[in-house]
Amino acid sequence: MALYATAASVLAGVESRRGSIKGLVYASSFQNVKQLYALVCETQRYSSVLDAVITSAGLLRAEKKLRPHLAKVLVYELLLGKGFKGGSGGRWKPLLDRHQARLKAELARLKVHRGVSKNEDLLQVESKPGPASQVPRFVRVNTLKTCCDDAVDYFKRQGFSYQGRASSLEDLRALKGKCFLLDPLLPELLVFPAQTDLHDHPLYRAGHLILQDKASCLPAVLLAPPPGSHVIDACAAPGNKTSHLAALLKNQGKIFAFDLDAGRLASMATLLARAGVSCCELAEEDFLAISPSDQRYRQVQYILLDPSCSGSGMATRRLEEPRAGTPSKARLQALAGFQRRALCHALTFPSLQRLVYSTCSLCQEENEDVVRDALQQNSGTFRLVPVLPSWPHRGLGTFPGAERCLRASPETTLTGGFFVAVLERVEAPSSVSRAEAPAPPPEAAPRRKRRRRAAAPGVPPRTEQVCRAVPWAGGPRHPAAQPAGFKVLFFLLL
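These numbers come from a predicted model, not from an experiment.

Undergrad: Describe the overall build of the protein chain, listing the residues and the values that go with them.
TA: Of the regular secondary structure elements, the protein chain holds 18 helices and 13 strands. Classification of the 494 residues of the protein chain by burial places 45% in the buried group. For the protein chain, long-range pairs separated by at least 24 residues make up 68% of all intrachain contacts whose partners lie at least 6 apart in sequence. Carbon together with sulfur atoms contributes 52% to the accessible area of the protein chain, which is approximately 25,800 Å² in total.

Structural data, given as structure tokens:
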């Protein structure tokens, strides 16, 4: 049956880090996405249990042609899932029937060994539902295609009950059934109860809605590039933040989006096309190899940097890697080294005015430590900007000003785990003084005695106006930072 083979392929992709469960499921050709997603998630949740049962029963030794990931999916369905009823199972059913008694015996033996009576009790602590399972479903309205009022009306016509704008996190926690709210902070973010599935909703499939966690919306909102700006999205795939930037730009301006993974870029191109993005230029390039002196990026004043990270704050990470705890010290050092290089490289773009650095990690090494080191290397050039003063979860106090950073977690903000820092260029005092200083008056030319011509009776003497433009000599090079049309008019009375 195609379901089991596709599920096995998704599990193999997750294990080899080709993508997330959700991304690989939706990239597959299997029609019933919801069924496939549920099977893969549950198989992965019981992964260690299934490995133990399959090994003890000697299934892979007896069936040489059976691949490990497919065996795991089939054994899950036999022992813990719906079972092979009717015609389900296809050609695999006779194979499983041969080993059914042994597999069930090994599962029972495992329960006795661990002193439990229920299948659920076999799960490790990190695989059991926690606060992350209570995070609401956040839905960003894509303003390139629709508006918030129209999206709300559509849901109301479908029988959902609109509760207005939330006033606190408690309003979000209390959401149930078919009720939904407008987020209290972000004006185009709708909030539905946890576990609400909108992947098959017509507005989502048409690109009018983007399923994006609230914390993941913060980088673009805090970067806040005005329409017409040139922006770099340094590590862009899978593209939700890129589409958010395009919506803020109203498709006016330019987004340069970089990523090294060709497969992720292809999926991103599909996502951006569905979202109606037309101002983005995708490039399969390493951001660290991009030259800041390249003339294509001379007008880039905004950079969003969301580099590869441990993903320790992702609500789905425990599901996709149930045996993965805190990243090892060696892995954290390698990630932080890359993140530090990427951030310092981004700060060398000559016209850069504002940068947002973000990760979906909870680790200090990837967050506050990276920002601190970058600021030290660019002392006096960039500063941390205080943002969202009412946000309840701030950066760890590891250096002066770290509280200007933002953190997020299921427990404190009802979102996935996240980190955000906003950096702005500090204008050099010399540039400011030159920009504000008035232009020196021209030297007065020596006056010549001229014979005054007699005017006709009743006619005033003729006056001639001469306008001279003085070029701008000081201040920042970027046109947005200098006075437009700076001119001094000299009026000479002849």
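Undergrad: Tell me about the pairing of strand β8 (residues 280–283), and please be specific about residues and values.
TA: In this structure, strand β7 (residues 254–258) lies alongside β8, joined through 4 bridges in parallel fashion. Of the residues in β8, the one forming a bridge with Ile255 is Cys280. Regarding the hand of the β-α-β motif, the stretch spanning β7, helix α13 (residues 262–274) and β8 is right-handed.

Undergrad: Could you give me a rundown of the side chain of Ser361, with the residues and numbers involved?
TA: Its location among the elements puts Ser361 in the loop between β10 (354–359) and α16 (368–377). Within polar-contact distance, the side chain of Ser361 engages the side chain of Ser310 at 3.3 Å. Those residues in contact with Ser361 that sit more than four places away from it in its chain are Cys309, Ser310, Ser312, Gly313, Glu366, Asn367, Phe418 and Phe419.

Undergrad: Residue-level account of the packing of aromatic side chains, with values.
TA: Counted according to the given criterion, the structure contains 14 aromatic pairs. Seen from their ring centres, Phe155 and Phe192 are 4.9 Å apart, and the 55° between their planes marks the pair as tilted. Of the two residues, Phe155 is situated in helix α8 (residues 148–157) and Phe192 in strand β4 (residues 189–192); the sequence distance between them amounts to 37 residues. We note that Phe155, like Phe192, is buried. Ring pairing ties together the aromatic residues Phe155, Phe160, Tyr162, Phe180 and Phe192, which thus form one cluster. Directly above the ring of Phe160 sits Lys178, whose terminal nitrogen or CZ lies 4.6 Å from the centroid. If you follow Arg274 out to its NZ or CZ, it ends over the ring of Tyr204, 5.1 Å from the centre.

The rules behind these values
- Residues numbered from 1 in each chain as written.
- Predicted model: local features only at pLDDT ≥ 70, side-chain atom pairs only at ≥ 80, totals over all residues.
- Heavy atoms only, no water.
- Helix = DSSP H or I, 4+ residues; strand = E, 2+ residues; numbered from the N terminus.
- Buried < 20%, exposed > 50% of the residue type's maximum accessible area, 1.4 Å probe, protein only.
- Contact = heavy atoms within 4.5 Å.
- Areas by Shrake-Rupley, 256 points an atom, 1.4 Å probe, with all protein chains shown as cover.
- Pairing = 2+ DSSP bridges.
- Right-handed = clockwise from strand over helix to strand, strands pointing away.
- Polar contact = N/O pair within 3.5 Å; in protein donor to acceptor, adjacent residues only side chain to side chain.
- Phe/Tyr/Trp six-rings, centres within 6.5 Å; stacked < 30°, edge-to-face > 60°.
- Lys NZ or Arg CZ within 6 Å of the ring centre and 35° of its normal.

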